[in-house]
4 protein chains.
Amino acid sequence: MAGSSYGKLFQITTWGESHGKALGVVIDGCPAGLALSENDIQLFLDRRKPGQTKISTPRKEDDKAEILSGVFEGRTTGTPISLIVHNTAQRSSDYGEIANYYRPGHADYTFDQKYGFRDYRGGGRSSGRETIGRVAAGAVASKLLQLFGIRLTAYTRSIGPVIIEDSRFDAQAILDTPTCMPDREASEKAEAYLAECMKNYDSAGGVIECKIEGCPAGIGEPVFDKLDADLSKAIMSIGAVKAVEIGNGILAARQKGSENNDAFRMQDGKVIKSTNHAGGILGGISDGSAILLRAHVKPTPSIFSSQKTVNRQGEDIEIAIKGRHDPVIVPRAVVVVESMAAITLLDALLVNSCAKVENLQKIYRE
Amino acid sequence: MAGSSYGKLFQITTWGESHGKALGVVIDGCPAGLALSENDIQLFLDRRKPGQTKISTPRKEDDKAEILSGVFEGRTTGTPISLIVHNTAQRSSDYGEIANYYRPGHADYTFDQKYGFRDYRGGGRSSGRETIGRVAAGAVASKLLQLFGIRLTAYTRSIGPVIIEDSRFDAQAILDTPTCMPDREASEKAEAYLAECMKNYDSAGGVIECKIEGCPAGIGEPVFDKLDADLSKAIMSIGAVKAVEIGNGILAARQKGSENNDAFRMQDGKVIKSTNHAGGILGGISDGSAILLRAHVKPTPSIFSSQKTVNRQGEDIEIAIKGRHDPVIVPRAVVVVESMAAITLLDALLVNSCAKVENLQKIYRE
Amino acid sequence: MAGSSYGKLFQITTWGESHGKALGVVIDGCPAGLALSENDIQLFLDRRKPGQTKISTPRKEDDKAEILSGVFEGRTTGTPISLIVHNTAQRSSDYGEIANYYRPGHADYTFDQKYGFRDYRGGGRSSGRETIGRVAAGAVASKLLQLFGIRLTAYTRSIGPVIIEDSRFDAQAILDTPTCMPDREASEKAEAYLAECMKNYDSAGGVIECKIEGCPAGIGEPVFDKLDADLSKAIMSIGAVKAVEIGNGILAARQKGSENNDAFRMQDGKVIKSTNHAGGILGGISDGSAILLRAHVKPTPSIFSSQKTVNRQGEDIEIAIKGRHDPVIVPRAVVVVESMAAITLLDALLVNSCAKVENLQKIYRE
Amino acid sequence: MAGSSYGKLFQITTWGESHGKALGVVIDGCPAGLALSENDIQLFLDRRKPGQTKISTPRKEDDKAEILSGVFEGRTTGTPISLIVHNTAQRSSDYGEIANYYRPGHADYTFDQKYGFRDYRGGGRSSGRETIGRVAAGAVASKLLQLFGIRLTAYTRSIGPVIIEDSRFDAQAILDTPTCMPDREASEKAEAYLAECMKNYDSAGGVIECKIEGCPAGIGEPVFDKLDADLSKAIMSIGAVKAVEIGNGILAARQKGSENNDAFRMQDGKVIKSTNHAGGILGGISDGSAILLRAHVKPTPSIFSSQKTVNRQGEDIEIAIKGRHDPVIVPRAVVVVESMAAITLLDALLVNSCAKVENLQKIYRE
């Protein structure tokens, strides 16, 4: 209820600050019997690690996941899975200066307004490091979804003005390129664009896309807990996301009904849609087609050029942010988007298991 | 948990189908002592009533709100407020045909997949009439927010290709025009566009904008229950919405940090932002500026031109939808967007009252 | 969250005051496909109706249940079931006097302290009539549980000093006797005792017992949401209940381990317990034996003898309560206990359906 | 939702198994600005440590609390407080035997039925060590309640047949005696009784009482989330508790209305009750008197005498439990009862802060 928990039946609670002792997540409600190892988690965490390239900072973040509970003899027990990542690279001294003023585009001011004070070291709770817990939980959710044939793929769609070309889609490039773009050519252009931004002490935004394949029809609740509504919350809860689209998204608002509607057709004895403008969701419930969503991410607010702001004493000042900051948030947020989508979908799948008496009769029989 | 409830402390539960006996909402958690009458509710309900103009259907929907509980001697008692609207214009016979096939762009197919069958009369639970409960609750939330100086204004930003001109912004026009546009000139163009759509048996989409003024800084929780995340869920849970933007929204993804950041400045002893690209929310918490959001609404899926689909027997068929359908959803959804935003903001305001010990000490003293 | 909702997946929200227009309940999360009629509800409601006998008041409460939504062609649709009972016997004039003082043993004073004022007519929200919604929902839950072979039986165990004799247990007597005792001899003694109480302008308390048979092992969550913990909350949330016991209950605290432990044994290839001191729950999870609980109910606080109290002006006064009041709450609360137990168990059954991957694989297959 | 979280606004999530790497709790929703140190937590944890006396086992459990997040410069920040206790005394080898059979009175069988398998080491998740997280959170809740003048005192009321004498009530004795009885004479008798139990390879149960003083009137919600209902759930969720009483409890069921009702009176300009049979709660809401509750605790199920049970292969066997086990659970559960009561009351206090518009106006002003 206080906002660090997410999910109904598969419920995660993240905790930890950027420069505290550790960060982590407790997953309550993971069904028993899933094979799970620390390596499963680590593979996801490594995807949010800054790379070795020009577009990411030279910080060394070797986040190692440790499972503290909820797994016994290699399988989940049905009880809470506690995952921890110790903060090893804390250098609080770097951040003493920001204790006293409000960085534009950051949550410094709003935290002070809400709580009266804040843990200012490295952004404290509002740091991007909070997503460690989300990604660790996302690894678990994704592994469980795979048992039911559901696969998620998130990638960078654009950075600044550089957009991927669908005809060049190359899934391997998502993992290979520093931009997480599935298009090596676009990725190179994006890298050049980011180098230019850095030279100008500036930063860039971009778009992340996530595709979910293999989801059966019927997942999601019809009114407030629509699958697209829950996905929107999940994605918008990632810091820096400023817009969310489902399927045709903003384009739908400019289309006519005859263009936007997807015709149903029979194919091999199954109902399919001949197009997928809806992005796999109708009336808040999955329709069996691929689920498609896009997150629009603002540029990194920490820029090195001079900025106007105020300090805690209420004086107008001018600042120049120091430290190490990526010129773009997008590539590191790709796995966060994928994780939040996986957690949301899994939770909806669990809730749906009680949607009809027929389902329950498969589990409980007189 | 089953998805027809929304909110944590100000919690609403809607119920009812398009062609059932009645629709309604139960509001649990409305603070005691708010002056409230049926007229307060009716004013909001009337805003979602189809007008007398060419762009809306000739259906007569005289939705009358009745308060069944939770108000005593003109004030809320703190106990559940049950609001009911009886369905008077049920003509189930009109809808017998759709029982057997799946309308493109509607939830017919997904309901059948989820529940095994559906109340097909007028769309049943997935009908736009479900929003009656939301709007009734929105009226209550808005009245309470006004006590704290918070005012919401939602309006149509665009219909098809017709966009309002900010320089012509006229708040009265929202209530006067059939399009709910705050720009009479744009409204006329939009009406002409819609007339053209109808002539072609087609429909249009559009964009709704909502502005919240007077919200204090500090509202919203920093991680999953970010104010923008909760608003996104609230708005995306309205049928036909396919994208949500906060502040600069999708534009932010194409901007540079130096363009997107808002500088803090002192003004009359108060911290303000010299621009508001963030849309009034930083790190998920309100910053004291106006909160701005946009909902992108797809075109009405019920169109009169011929469409391809399948029936429940699994046969490819061609259909022509009959009945009475607006060529655009947007104008009637304006008050729904405003209502969902009000409910969400009020709930966050209540949750925030426990954010710091200092707040509690104002209520409880040793 | 504001306390008029109960349950996680099978969630009920009750609303309404004793002398308002109506009372009701919204059930969200009832699985689709359950055959349900108004008569199913009415049978339960009739069990909480005051009888024609000396121990109940001459009030005429002909509570008729009406289904407003969520049922189509005789089956639940999976969407919210709204049930309403109109208040027909409102005579507010009877209660004007209690507006100004605080009845001992009632919630008048605490409501005023919490909310600043209260709907005083007939006890308002704290009236026993609030349980109408619980009983209506209990009828639905019970019907669903029966599909899985689970049967609940609640009855009066004692009234004042009169206790039933287990050797005379007669299930039909529960429905036949005005005391709801499964022992006709004890019932007659209890009636005589109550007649004596009434003669002395006094009232009596008693104990309700509930037995749940046919519940499979494995239901309930191991830590906070233990099945016995949730049942305790459910039962203690019924006005006038002051103690709850599971299995041996208070006796267990005086027993030795060798007396209280139940041995496991094999019988017909199944694990059984040779005794059931645990009351069917071990570690918060059902063990396959009958679940047994007892609710201790205080005497009716509305008594006709003179009582000392204070009024809203803060003056010591003496009052004599008028009106019509049963000398004992127990018989009418029997069906409330059974209903709350049914709702709680069903909810736990639904939650448990996601406890292991194996269960989900029965519903979702790749 | 999956049962390891508790509370609405002050929400705790416990995790960890008896013989896993660590156990802990995440507290989400602790208001910002509370002075808090590891020592505050340790004082509570030490109260559940086995003593040096004959009635407790020679196990060395040196549970050290560590704060991982949510506290900055000695004060809570409003973000999640993660508390961890490392398991240092894991000796899994001791428990290999119980992997294969079901101990009477334990959750071995029900865990296997629910999840398909279990972490059997030392009881795994159903071990009493799970309460470490509850007690750590209870320390935080208690410290916050003290700011508002609310004090909780839990103690042992009885062990087996030995009951404390109210006239000898000595608060210091609660901390001094190995039984946690506030009566040194009774404590000695109880110790003698327990020595006898141990000699006979048997165990004893008992009763814990908790008194809450200084709670203002108005706390608790009137319907399902009654303060007594929530307290009952909290207390019954502690392993081994089999009954809960509020105020007069089971006695109330045998009293007459004229005996059980508490008269209101004016005293020094304040409303008081001349007696407190209600235990400080009327209609689910605190009435300003002391809140009184009792938990009835079953005898330790692990006894050394021979017991009949079955193994996982479905064979009848006879077992003799080895290892180190206290002959009574009660003394170590005293601080658990106090902690769960504190958490529940604090949560209700937070929820109540939104009960009336007047409260909100103290925090938010136009």
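Structure: see above.
Calculation rules
- Residues numbered from 1 in each chain as written.
- Chains lettered and ligands numbered in written order.
- Predicted model: local features only at pLDDT ≥ 70, side-chain atom pairs only at ≥ 80, totals over all residues.
- Heavy atoms only, no water.
- Helix = DSSP H or I, 4+ residues; strand = E, 2+ residues; numbered from the N terminus.
- Rg over C-alpha atoms; globule rule 2.2 N^0.38 Å.
- Buried < 20%, exposed > 50% of the residue type's maximum accessible area, 1.4 Å probe, protein only.
- Contact = heavy atoms within 4.5 Å.
- Areas by Shrake-Rupley, 256 points an atom, 1.4 Å probe, with all protein chains shown as cover.
- Lys, Arg positive; Asp, Glu negative; His and termini not counted.
- Charge placed at Lys NZ, Arg CZ, Asp CG, Glu CD.
- Pairing = 2+ DSSP bridges.
- Axes fitted to C-alpha atoms, helices over the stretch in contact; angles between N-to-C directions.
- Least-squares fit on C-alpha atoms with pLDDT ≥ 70 in both.
- Salt bridge = Lys/Arg side-chain N within 4 Å of Asp/Glu carboxyl O.
- Buried area = accessible area lost by both parts, 1.4 Å probe.
- Polar contact = N/O pair within 3.5 Å; in protein donor to acceptor, adjacent residues only side chain to side chain.

**Focus on the overall build of chain A**
Tallying secondary structure elements over chain A gives nine helices and 18 strands in all. The C-alpha atoms of chain A give a radius of gyration of 21 Å, which matches the 21 Å a tight globule of 366 residues would have. Its C-alpha atoms give chain A principal-axis dimensions of about 70 × 50 × 35 Å. For chain A, with 366 residues in total, the buried portion stands at 68%. Pairs at least 24 apart in sequence give 68% of the contacts found in chain A among residues at least 6 apart. Surface summary for chain A: the accessible area is close to 11,600 Å², and the carbon and sulfur share equals 48%. Averaging the positions of the 44 positive and the 45 negative side-chain charges in chain A gives two centres separated by 1 Å.

**Examining the sheet that holds strand 7 (residues 81–86) of chain C**
Strands belonging to one sheet form pairs held by backbone hydrogen bonds; the direction of such a pair is parallel or antiparallel. Residues and elements named next belong to chain C. Strand order across the open sheet formed by five strands is 1-2-3-7-4, with antiparallel pairing between neighbours. Single-partner strands in this sheet number two, and they are strand 1 (5–6) and strand 4 (65–67). Where strand 4 and strand 7 come together, three bridges link them in antiparallel fashion. Following the sheet pairing, I67 is matched in strand 7 by L83. The strands touched by helix 1 (residues 38–47) within the sheet are strand 4 and strand 7, with strand 4 carrying the most contacts at an inclination of about 150°.

**Topic: the relation of the copies chain D and chain B**
The operation linking the two copies of the chain is a rotation about an axis combined with a translation along the axis. Superposition of chain D onto chain B requires a rotation of 180° combined with a translation of 0.0 Å along the rotation axis, giving an RMSD of 0.0 Å. Classification of the inter-copy transformation places it as that of a two-fold axis. Within chain D, D:K362 has its C-alpha nearest the rotation axis, a separation of 3.1 Å.

**Comments concerning the pattern of salt bridges**
Within this structure, the stated rule accounts for 120 salt bridges over all chains. Between B:R47 and B:E338 there is a salt bridge, with the nearest N and O atoms lying 3.0 Å from each other. Within this pair, whereas B:R47 is found in helix 1 (residues 38–47), its partner B:E338 is found in helix 8 (residues 330–352), the two being separated by 291 residues in sequence. Judged by its relative accessible area of 25%, B:R47 is partly exposed. Classification of B:E338 as buried rests on a relative accessible area of 6%. The network of salt bridges with common partners includes A:R103, A:D108, A:D112, A:R118 and A:R312.

**As for unusual backbone geometry**
Residues and elements named next belong to chain B. Non-glycine residue A240 carries a positive phi angle of around 85°. Relative to the elements of secondary structure, A240 occurs in the loop between helix 6 (227–236) and strand 11 (241–246). For A240, a relative accessible area of 17% corresponds to the buried category.

**A short note on the pairing of strand 17 (residues 307–310) of chain A**
As judged from the four bridges shared by strand 17 of chain A and strand 18 (residues 316–319) of chain A, these two strands associate in the antiparallel manner. The residue of strand 18 of chain A that forms the bridge with A:V310 is A:D316.

**Overview of the interface of chain C and chain D**
Across the contact, 102 residues belong to chain C and 102 residues belong to chain D. Summing both partners gives a buried area of about 8,100 Å² for chain C against chain D, and 61% of it is carried by carbon and sulfur. Among the residues chain C hides against chain D, the three largest losses belong to C:K114, C:F224 and C:K242. Together they make up 11% of the total. Run the count over chain C and chain D and you get eight salt bridges. C:K233 is the partner of D:D225 in a salt bridge, and the nearest nitrogen-oxygen pair spans 2.6 Å. Seen at the junction of chain C and chain D, the total is 43 residue pairs in polar contact (both at pLDDT 80 or more). Here three bridges tie strand 11 (residues 241–246) of chain C to strand 11 (residues 241–246) of chain D, and the two strands are oriented antiparallel to one another.

**As for the interface of chain D and chain B**
Taken residue by residue, the interface counts 28 residues in chain D and 28 residues in chain B. Between chain D and chain B, the buried area comes to about 2,600 Å², and carbon and sulfur atoms account for 73% of it. Joining chain D to chain B, the criterion identifies zero salt bridges. Counting across the chain D and chain B interface gives ten residue pairs in polar contact (both at pLDDT 80 or more). It is helix 9 (residues 357–363) of chain D that contributes the most residues to the side of chain D that touches chain B, six residues altogether.

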